[in-house]
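# Observations on the model geometry
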Number of protein chains: 4
Amino acid sequence: MEKTAERETGRLEAFSDGVFAIAITLLVLDLKVPRADSLPPGGGGLLRALAKQWPAFLAYLTSFATILVMWVNHHILFTHIRRTSQPFLYWNGLLLLFVTFVPFPTSLVAAYVLTPQARTAAAVYAGTFLVLALVFNGLWRHASTGRRLLDPAARAASVQAITRQYLVGPVAYFAAFLLAFVWVPGSVGLCLVLALFFAFTGALPRLFERKRSESS
Amino acid sequence: MEKTAERETGRLEAFSDGVFAIAITLLVLDLKVPRADSLPPGGGGLLRALAKQWPAFLAYLTSFATILVMWVNHHILFTHIRRTSQPFLYWNGLLLLFVTFVPFPTSLVAAYVLTPQARTAAAVYAGTFLVLALVFNGLWRHASTGRRLLDPAARAASVQAITRQYLVGPVAYFAAFLLAFVWVPGSVGLCLVLALFFAFTGALPRLFERKRSESS
Amino acid sequence: MEKTAERETGRLEAFSDGVFAIAITLLVLDLKVPRADSLPPGGGGLLRALAKQWPAFLAYLTSFATILVMWVNHHILFTHIRRTSQPFLYWNGLLLLFVTFVPFPTSLVAAYVLTPQARTAAAVYAGTFLVLALVFNGLWRHASTGRRLLDPAARAASVQAITRQYLVGPVAYFAAFLLAFVWVPGSVGLCLVLALFFAFTGALPRLFERKRSESS
Amino acid sequence: MEKTAERETGRLEAFSDGVFAIAITLLVLDLKVPRADSLPPGGGGLLRALAKQWPAFLAYLTSFATILVMWVNHHILFTHIRRTSQPFLYWNGLLLLFVTFVPFPTSLVAAYVLTPQARTAAAVYAGTFLVLALVFNGLWRHASTGRRLLDPAARAASVQAITRQYLVGPVAYFAAFLLAFVWVPGSVGLCLVLALFFAFTGALPRLFERKRSESS
């Protein structure tokens, strides 16, 4: 039984990895080359035109960092999980739905961050990450409640640490969502800071801490 | 012989997985950011413009769910199959042809569902899924007739259950196709309901039922 | 040594598979949804507008079939090959360069097949496949000359059969290339026929013939 | 411990491979089919219109060759590396960020190489490769300093050879970057020459040299 289940996890992971890799690479399509006829004829206006696209580059960087951290998180999750279940597949499908969706709000915030509609765009952007954080919690809760799908070797301390850590996401992205209505640059900036924060203090260190402690 | 054949299945699956993963991720390109110059100058019109795009979001969700269920189905199929044959490769190639095609009718229905051309768009959309259901049946029939390519360990009851279950698809999608000519929202809605229905009562439960019963 | 080399082939194959899978899936982006404002206001014009896009659908089908057959061919090749070499990597890189290029002439022929520029578009289309056939020959010649990179278990008859079979491609696509200048539909149609011909009489049967004979 | 770490490297490599494969295939989207209404009505203008797009084809070729060489380099790197660490994951993430970014400057240089803004476009293009070369050095330095993450079997001579070889990249691409301000064709051409140079004298020969010497 265990062998079959593990193999099923392998396939699910490979498919998920493919979706993550494609979604993260499609982000570049949101970067648009400035149209030549929109530039002043003298030359030298291209750098200024590119500089004016800074919201697109910022959104690209933020979404890239966020998807990368989510991919690392997804793998940490699966290092603790041994079996799958039907609801687990739904949660994972829901997660992939919003992962593939990320290029759209990224494009939206890049296009509207300097316009009067910036609040709406920033709220949709932070709101997407809020939903992703909630889905990640649902996925983990389903797998970890009563150690339902966990690897018997997963240490209780590691499991609890992930549960605690996952609570930060929804709260922080809800703050970014609310901030969108009062201070747009702060909301988008907070999303970037959160991705870097999770990368440097959350997901990645946890990955190695766990491996070191469990393999020793 | 068996080892070689199994390896060949592995490659075929990996290639098919890649195509499924890319097709499901490309769907996001059908979601278009509303053009800034089409909005009222005051601000606040973006949310309304996004809400007006609900057919695109609905089509995105429906196509995503359908491709995901097809991917799960494809895997269930391959857990029963041990060998490949030339016609089997054609059937699989035909399946991938229509899987990669899905973003086009998705885009079509999103663009036309609110116009006088809605019937045509919805008929093409449901028609694509009808063809996919037929190709899935052809693929399975070729593999299962006389247990031609099946794993010797595949239980007859599981095989028959899949055969029965696969008959639902063509009938249901033919109904959605016909419905497109009289009630467009019903046709598109039926496609979404079918994807969810197959996910919750068809493919996924079967996957786990089979594994539990066969591994016990 | 053999183990290391085999693993290196595995990576090369996986990377190549990814490129094939993505290129075949990107073809759908060449299918454009007809613009709503180009249709007659009464409704019912969408089907006619789609029908008028038949060159795009034909080119989609032809390119899909051709890339799929090339993928199968690529795998057959690698079932005979055990080692890699530096020139082999260049040949494979050149092959991937033209595989990723296929969506462009596909788009070109779809856009221009009904215009006075049809000859140029069809010549570029057939010419791309001609170059691909030549690169495939180069790749195979490098690997098979003096059995340089071949699996010791590869039978001489199989190797010679592939060498003979590969000669058909350049000649046939050169005919399609020439035909583009006198009869455009014939040239594009020949490309589709060739893909189907290779699928049904060339690559795929060979794959199974080989496996059966060598594993017995 | 070693087994777990090696598995983690495998996942990281598979994810990176996916990103490389997608980025290299997305380059084709920068090749635009000339608009039919921009051609002279007589026919025969298509070839001239395509020929006028030579900067796009040159940029496509250059970026394809560069990403391919980077992929080979990435693999050579991982054949020497046995473990991962948190900073190593950051370096690899930074590398992937710029790999997925390559289609944008490619598109930029294709659009502007014949305009008065050519210098800016060429500087951004060469600058992207300069940053990539620097990130590659950072990744390797982190892994190889004190043999931190290296495979114990990695020979000191091979490691030193890679370190020496990696110094060429930043210097050469910095020259291409400077050249962009005085001679645009020279700068873009140098990027292509560098990719071919690394392919024929750098990465690929090294790959085989290493394997031969270490496996003997």
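Source: prediction; values computed, not measured.

Definitions and cut-offs
- Residues numbered from 1 in each chain as written.
- Chains lettered and ligands numbered in written order.
- Predicted model: local features only at pLDDT ≥ 70, side-chain atom pairs only at ≥ 80, totals over all residues.
- Helix = DSSP H or I, 4+ residues; strand = E, 2+ residues; numbered from the N terminus.
- Buried ≥ 20, exposed ≤ 12 C-beta atoms within 10 Å, placed from the backbone.
- Contact = placed C-beta atoms within 7 Å.
- Nonpolar A, V, L, I, M, F, W, Y, C, P; charged D, E, K, R; others polar.
- Least-squares fit on C-alpha atoms with pLDDT ≥ 70 in both.
- Expected span 1.5 Å × (residues − 1).
- pLDDT = per-residue confidence, 0-100.
- Axes fitted to C-alpha atoms, helices over the stretch in contact; angles between N-to-C directions.
- Parallel < 35°, antiparallel > 145°, perpendicular 65-115°, else oblique.
- Left-handed = near helix turned anticlockwise from the far one by under 90°.

Let us look at the overall build of chain A. When you go through chain A residue by residue, the secondary structure sums to eight helices and zero strands. Beginning at the N terminus, the succession of helices and strands in chain A can be written as α-α-α-α-α-α-α-α. Counting across all 216 residues of chain A, residues that qualify as buried make up 49%. Considering only contacts within chain A whose residues lie at least 6 apart along the sequence, 81% involve residues at least 24 apart.

This paragraph deals with the interface of chain C and chain B. The interface of chain C with chain B comprises 26 residues on the first partner and 28 residues on the second. Only helix H1 (2-26), helix H2 (45-52), helix H3 (54-80) and helix H8 (184-215) of chain C provide two or more residues apiece to the side of chain C that touches chain B. Broken down by element, the residue count for the side of chain C that touches chain B peaks at six residues, all from H1 of chain C. Residue composition of the side of chain C that touches chain B, by class: 17 nonpolar, seven polar and two charged.

Here chain B sits on chain A after a turn of 90° about the axis and a move of 0.0 Å along it, with an RMSD of 0.0 Å. Within this description, the copies of the chain are treated as partners about a four-fold rotation axis. The fraction of interface residues of chain B whose copies in chain A are also interface residues is only 8%, indicating that the copies meet through different surfaces.

With an RMSD of 0.0 Å, the operation that places chain C on chain B is a rotation of 90° combined with a shift of 0.0 Å along the axis. Here only 8% of the interface residues in chain C have copies in chain B that are interface residues too; the copies meet through unlike faces.

Contacts between chain B and chain A engage 26 residues on the former and 28 residues on the latter. Counting only elements with at least two residues in the side of chain B that touches chain A, the list comes to helix H1 (2-26), helix H2 (45-52), helix H3 (54-80) and helix H8 (184-215) of chain B. Broken down by element, the residue count for the side of chain B that touches chain A peaks at six residues, all from H1 of chain B. Of the residues that constitute the side of chain B that touches chain A, the class distribution is 17 nonpolar, seven polar and two charged.

Take helix H7 (residues 156-179) of chain C next. Under the 1.5 Å per step criterion, the end-to-end length of H7 of chain C is 36 Å for 24 residues, consistent within 8% with the ideal 34 Å. Three or more residues of H7 of chain C are buried, namely Ile162, Tyr166, Gly169, Ala172, Tyr173, Ala176, Phe177 and Leu179 of chain C.

Let us now look at the environment of Phe15 of chain B. Counting through the fold element by element, Phe15 of chain B comes out in helix H1. On the basis of neighbour count, Phe15 of chain B is assigned to the buried category, with 21 C-beta atoms found within 10 Å. In contact with Phe15 of chain B, other than residues within four places in its own chain, are Asp17, Ala21 and Trp71 of chain C.

Before going further, it helps to examine unusual backbone geometry. The phi torsion at Arg147 of chain B lies on the positive side, around 50°, for a residue other than glycine. Take Arg147 of chain B: there are 14 C-beta atoms within 10 Å of it, and that puts it in the partly exposed class.

Moving on: the environment of Leu96 of chain B. Residues and elements named next belong to chain B. Here Leu96 lies in helix H4 (residues 86-101). Leu96 sits 56 residues away from Pro40 along the chain, and the two C-alpha atoms are 43 Å apart. Excluding its chain neighbours within four sequence positions, the residues that come into contact with Leu96 are Ser16 and Val19.

Moving on, we get to the confidence of the model for chain A. All names here are of chain A. Residues at a pLDDT of 70 or more form 87% of chain A, whose mean pLDDT is 85. Mean pLDDT across the elements of chain A ranges from a minimum in helix H8 (residues 184-215), with 72, to a maximum in helix H6 (residues 118-144), with 94. For this predicted complex, the interface score ipTM comes out at 0.85, while the overall pTM is 0.88.

The subject of this paragraph is the environment of Leu139 of chain B. With respect to the helices and strands, the residue Leu139 of chain B is situated in helix H6 (residues 118-144). With 45 residues separating them in the primary sequence, Leu139 of chain B and Leu94 of chain B have C-alpha atoms 9.2 Å apart.

Before going further, it helps to examine the packing of helix H6 (residues 118-144) of chain C against H7 of chain C. Residues and elements named next belong to chain C. Interhelical geometry of H6 versus H7 gives an angle of 160° and a closest axis separation of 8 Å. Relative to H7, the element H6 lies roughly antiparallel. Here H6 runs over H7; the crossing is left-handed. Seen from H6, the contacting residues are Ala123, Ala126, Gly127, Phe129, Leu130, Ala133, Leu134, Phe136, Asn137, Trp140 and Ser144; seen from H7, they are Val159, Ile162, Thr163, Tyr166, Gly169, Pro170, Tyr173, Phe174, Ala176 and Phe177.

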